[in-house]
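This is what each chain is made of:
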Amino acid sequence: MKDIETREDIILIIRNFYDRLLKDQSINFFFTKATHVDQHLEEHFETLATFWEQGLFLKGGYTNNMFQIHKDIHDKHPFTHEHFEIWLDHFYTSITESFEGNKADQMKTMALNMATVMKIKFA
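Here the structure is a predicted model, which is why all the values come from computation and not from measurement.

**Regarding the packing of helix H4 (residues 66-76) against helix H6 (residues 102-122)**
And step 1. One can describe the packing of H4 onto H6 by two numbers: an axis separation of 11 Å at closest approach and a directional angle of 50 degrees. Considered as vectors, H4 and H6 are oriented oblique to each other. Crossing of H4 over H6 shows right-handed handedness. Within the contact between the two elements, H4 uses Met-66, Phe-67, His-70, Lys-71 and His-74 and H6 uses Met-114, Val-117, Met-118 and Phe-122.
And step 2. Looking at the contact of H4 with H6 residue by residue, the classes come out as six nonpolar, two polar and one charged.

**Here's the deal with unusual backbone geometry**
And step 1. Its identity as a non-glycine residue notwithstanding, His-36 has a phi of 65 degrees, on the positive side.
And step 2. If you trace the backbone, His-36 turns up in the loop between helix H2 (29-32) and helix H3 (41-57).
And step 3. A relative accessible area of 35% means that His-36 is categorised as partly exposed.
And step 4. Within the chain, Leu-58 stands out as a residue other than glycine whose phi angle is a positive 55 degrees.
And step 5. Positionally, Leu-58 belongs in the loop between H3 and H4.

**Here's the deal with the packing of aromatic side chains**
And step 1. On inspection of all chains with the given rule, the structure shows 13 aromatic pairs.
And step 2. Between the aromatic rings of Phe-17 and Phe-91, the centroid separation amounts to 4.9 Å while the plane-to-plane angle is 85 degrees, which identifies the pairing as edge-to-face. Remark: Phe-91 occurs in helix H5 (residues 81-96) and Phe-17 occurs in helix H1 (residues 7-23); sequence separation between them is 74 residues. Both residues of the pair, Phe-17 and Phe-91, count as buried.
And step 3. An angle of 80 degrees between the planes, with centres 5.4 Å apart, marks the rings of Tyr-18 and Phe-31 as edge-to-face. With a gap of 13 residues between them, Tyr-18 in helix H1 and Phe-31 in helix H2 connect regions that are remote in the sequence. For the pair shown, Tyr-18 and Phe-31 are each scored as buried.
And step 4. Taken together, the aromatic side chains of Phe-17, Tyr-18, Phe-31, Phe-45, Phe-51, Trp-52, Tyr-62, Trp-87 and Phe-91 make up a single cluster linked through ring pairs.
And step 5. In this structure, Lys-121 packs its charged tip against the face of Phe-67, placed 5.8 Å from the ring centre.

Criteria and cut-off values
- Residues numbered from 1 in each chain as written.
- Predicted model: local features only at pLDDT ≥ 70, side-chain atom pairs only at ≥ 80, totals over all residues.
- Heavy atoms only, no water.
- Axes fitted to C-alpha atoms, helices over the stretch in contact; angles between N-to-C directions.
- Helix = DSSP H or I, 4+ residues; strand = E, 2+ residues; numbered from the N terminus.
- Parallel < 35°, antiparallel > 145°, perpendicular 65-115°, else oblique.
- Left-handed = near helix turned anticlockwise from the far one by under 90°.
- Contact = heavy atoms within 4.5 Å.
- Nonpolar A, V, L, I, M, F, W, Y, C, P; charged D, E, K, R; others polar.
- Buried < 20%, exposed > 50% of the residue type's maximum accessible area, 1.4 Å probe, protein only.
- Phe/Tyr/Trp six-rings, centres within 6.5 Å; stacked < 30°, edge-to-face > 60°.
- Lys NZ or Arg CZ within 6 Å of the ring centre and 35° of its normal.

Quick look at the structure:
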């Protein structure tokens, strides 16, 4: 199995991840009711790909405040510890089903770090 090397690899992970999220009744509310992300997935995927390219490949280009976006959602519909665990489980699975290596490990570590910081900041 190969490592994550391109934007297309990142988009594959994101597509698989959102397939899982949207099918999961315990968390899909955040994507279908709280934010309506499901109504503009392709645009959202491009934004997320830019975010992850910046983190994994140092490409730059992401200008949004990811933490504030999630804080605004949390303030209206609080994330629980279980939501973070479900999110991480789906994310890790979406990476490991297609990729392995340093970038795959880096992406999982970055996701864990973000979830941990959000749990602390949103408490």
